[in-house]
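Descriptive structure summary
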Amino acid sequence: MKVALIGVGQAGGKVTERLTRFDANMGFDAVQGALAVNSAEPDLHSLEFVDTQLIGADRVNGHGVGGDNELGAEIMQSDIQQVLGQLDGRITSHSEAIFVIAGLGGGTGSGGAPVLVHNLKQVYDVPVYAIGVLPGRNEGALYQANAGRSLKTLLREADSTLLIDNDAWHEQGESVESAFESINDKIARRIGLLFASGEATEGVGESVVDSSEVINTLRSGGVSVLGYASELAAEDSGENIQVAMSVARQALLTGASMPNATSADAALLVIAGQPDRIPRKGVERARRWVEDETDSMQVRGGDFPIDSDRLGALVLLGGAERSDRLDEFMQRAREASKKEQRSVEENVEQFTDDRIENLF
Ligand code: GDP
């Protein structure tokens, strides 16, 4: 699927650069344009592979907004014309979706991403999705509170919000900070593969993934989750039926960007590998397993041919709000909001409630 990427803030910029680089190195050509937007000038200077746009220079003089996500939202709104101007030519008639990427716990990305999504939706006809990085549990209260408000607003504004929990994709024992590089690498590979899987058109058997299948999987909005796992495959596809099942299971149960999200409105299962190693029966069985596991009647499936001795499974869930991990995060965000002395009310439902304030 042809996409345009916009990273907001430090994490957003770094992840956008990684993804763009991965897509180019692999020759996938799915990323058509990429821009990093930030109020902190040094963060933009550290990026080499994407174009950049400084915002809020009149307010913060290139020094960033600290952890003030309301200020992040304000400066994005004030400078929105410059940002949209930079996107001319990067978002083209070939673009099938726009992804706005940000760490939700900080200031510029946390506040700026929802404002940018809101404005993009008014200008462009293609879906505007968010990719939001949630703070790990050991990050401080301000991060949790910021992320809660940012997520609530993104869920209102974006066509779907793909969540990556910073606790999910790093190795045991690593601190979150030292793990950023490896988390970013995983995000780039997995999301990069998802974009690319909607691009394959030649040299494959009966079952190719089309961009519209990604878009349809995300159609119900809300939270989306991406899972991935791979294993060595036998040369003969007939011997890989169990492998297909096993990678699909691991992708969802242990390899998901937001753990414990096992119910969804829709899902997409992509099996990646050498075409003659992909077992038709195994793929169908795995697809039915995802259907049962997620309680979804809409599980699409397809192959993605890559030259590898492994078989990989990529599972995309759309409308996956019912997750213990997400509940746990929202609980942390609410408690942190109280600590931050923001007004909160009790006993109303998550996301539609007033316990967490929208940003705007
Ligand atoms: P901003 O520049 O004000 O938008 O703030 P940041 O992008 O630094 O956002 C801070 C949040 O993003 C925190 O929750 C961090 O854990 C997370 N974060 C910062 N840098 C990275 C990174 O490189 N990778 C990942 N995965 N998360 C990051």
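Residues numbered from 1 in each chain as written. Predicted model: local features only at pLDDT ≥ 70, side-chain atom pairs only at ≥ 80, totals over all residues. Heavy atoms only, no water.

**Things to note about the overall build of the protein**
Helix and strand counts for the protein stand at 12 helices and 10 strands. Scaling as 2.2 N^0.38, a compact globule of 360 residues should have a C-alpha radius of gyration of about 21 Å, and the protein matches this with 20 Å. Seen through its C-alpha atoms, the protein measures out along the principal axes to roughly 60 × 45 × 40 Å. Classification of the 360 residues of the protein by burial places 59% in the buried group. Pairs at least 24 residues apart make up 78% of the contacts formed inside the protein by residues separated by at least 6 positions. (Helix = DSSP H or I, 4+ residues; strand = E, 2+ residues; numbered from the N terminus. Rg over C-alpha atoms; globule rule 2.2 N^0.38 Å. Buried < 20%, exposed > 50% of the residue type's maximum accessible area, 1.4 Å probe, protein only. Contact = heavy atoms within 4.5 Å.)

**With respect to the site of the ligand**
As a matter of local geometry, the ligand sits amid 17 residues, with Gln-10, Ala-11, Gly-109, Glu-139 and Asn-184 nearest to it. Contact between the ligand and Lys-14: an oxygen atom at 2.8 Å from a side-chain N or O atom of the residue. Glu-139 places a polar side-chain atom, nitrogen or oxygen, 2.6 Å from an oxygen atom of the ligand. Isolated, the ligand exposes 560 Å² of accessible area, and the fraction of that covered by the protein chains is 93%. Sorting the residues of the shell around the ligand by element identifies helix 1 (9-26), helix 6 (108-123) and helix 8 (176-197) as the ones contributing at least two each. The element that contributes the greatest number of residues to the shell around the ligand is helix 1, accounting for 4 residues. (Near = heavy atom within 4 Å. Polar contact = N/O pair within 3.5 Å; in protein donor to acceptor, adjacent residues only side chain to side chain. Areas by Shrake-Rupley, 256 points an atom, 1.4 Å probe, with all protein chains shown as cover.)

**A look at the domain arrangement of the protein**
As assigned here, the protein comprises domain 1 (3-198) and domain 2 (225-318). Using only C-alpha atoms to locate each centre, domain 1 and domain 2 end up separated by 27 Å. Taken together, the contact pairs 14 residues of domain 1 with 13 residues of domain 2. Summing both sides of the interface, domain 1 and domain 2 together bury roughly 1,200 Å²; the carbon and sulfur share of this comes to 79%. Of all residues in domain 1, Arg-190, Leu-193 and Leu-194 give up the largest surface area on contact with domain 2, accounting jointly for 38% of the area buried on that side. The tally of links from domain 1 across to domain 2 stands at 0 salt bridges. At the level of secondary structure, the elements contributing two or more residues to the side of domain 1 that touches domain 2 comprise strand 6 (160-165) and helix 8. Grouping the constituent residues of the side of domain 1 that touches domain 2 by class yields 11 nonpolar, 1 polar and 2 charged. (Domains from an automatic or database assignment. Buried area = accessible area lost by both parts, 1.4 Å probe. Salt bridge = Lys/Arg side-chain N within 4 Å of Asp/Glu carboxyl O. Nonpolar A, V, L, I, M, F, W, Y, C, P; charged D, E, K, R; others polar.)

**Let's talk about helix 7 (residues 141-157)**
Taking 1.5 Å of rise per residue, the 17 residues of helix 7 would be expected to cover 24 Å, and the 24 Å separating its terminal C-alpha atoms lies within 8% of that figure. Of all 17 residues in helix 7, 13 are buried, a share of seventy percent or more. (Expected span 1.5 Å × (residues − 1).)

**Remarks on the environment of Asn-260**
Examined against the element boundaries, Asn-260 turns out to sit in the loop between helix 10 (241-253) and strand 8 (266-273). Judged by its relative accessible area of 40%, Asn-260 is partly exposed. Put simply, Asn-260 and Ala-320 are 60 residues apart on the chain and 9.9 Å apart in space, counted from C-alpha to C-alpha. For Asn-260, the residues in contact, after removing those within four places along its chain, are Arg-322, Ser-323, Asp-324 and Arg-325.

**What about the confidence of the model for the protein?**
The share of residues in the protein with pLDDT of 70 or more is 94%, and the mean pLDDT across the chain is 91. Note on residues 342-349: pLDDT is under 50 here. Beyond four places in sequence and across chains, it has 22 contacts. (pLDDT = per-residue confidence, 0-100.)

**Re the packing of helix 6 against helix 7**
Packing of helix 6 against helix 7 leaves a shortest axis separation of 9 Å and a crossing angle of 10°. In this view, helix 6 runs roughly parallel relative to helix 7, as classed from their interaxial angle. Of the residues in helix 7, those in contact with Ser-110, Ala-113, Pro-114, Val-117, His-118 and Lys-121 of helix 6 are Asn-146, Ser-150, Thr-153, Leu-154 and Glu-157. (Axes fitted to C-alpha atoms, helices over the stretch in contact; angles between N-to-C directions. Parallel < 35°, antiparallel > 145°, perpendicular 65-115°, else oblique.)

**Comments concerning unusual backbone geometry**
At Asp-29, a residue that is not glycine, the phi angle is positive and equals roughly 65°. Phi at Asp-295 takes a positive value of approximately 60°, unusual for a residue other than glycine. As for its position among the elements, Asp-295 is in the loop between helix 11 (280-294) and strand 9 (299-305). Take Asp-295: its relative accessible area is 67%, and that puts it in the exposed class.

**A closer look at the environment of Gly-27**
Structurally, Gly-27 is set in the loop between helix 1 and strand 2 (31-38). Counting along the chain gives 169 residues from Gly-27 to Ala-196, while the straight-line C-alpha distance between them is 9.5 Å.

**Topic: the UniProt feature "binding site: GTP" (unreviewed entry) in the protein**
Annotation from UniProt places "binding site: GTP" (unreviewed entry) at Gln-10, Ala-11, Gly-12, Gly-13, Lys-14, Gly-107, Thr-108, Gly-109, Glu-139, Asn-166 and Asn-184. Considering the arrangement of structural elements, one finds Gly-12 in helix 1. Judged by relative accessible area, Gly-12 falls into the buried class, the value being 0%. With residues near it in sequence (within four places) discarded, Gly-12 still touches Gly-7, Ile-101, Ala-102 and Gly-103. Its place among the elements puts Asn-184 in helix 8. Judged by relative accessible area, Asn-184 falls into the buried class, the value being 8%. Sequence-distant contacts of Asn-184, defined by excluding residues within four places in its chain, comprise Lys-14, Val-15 and Arg-18. (UniProt positions renumbered as here; feature names shortened; annotations may be inferred.)

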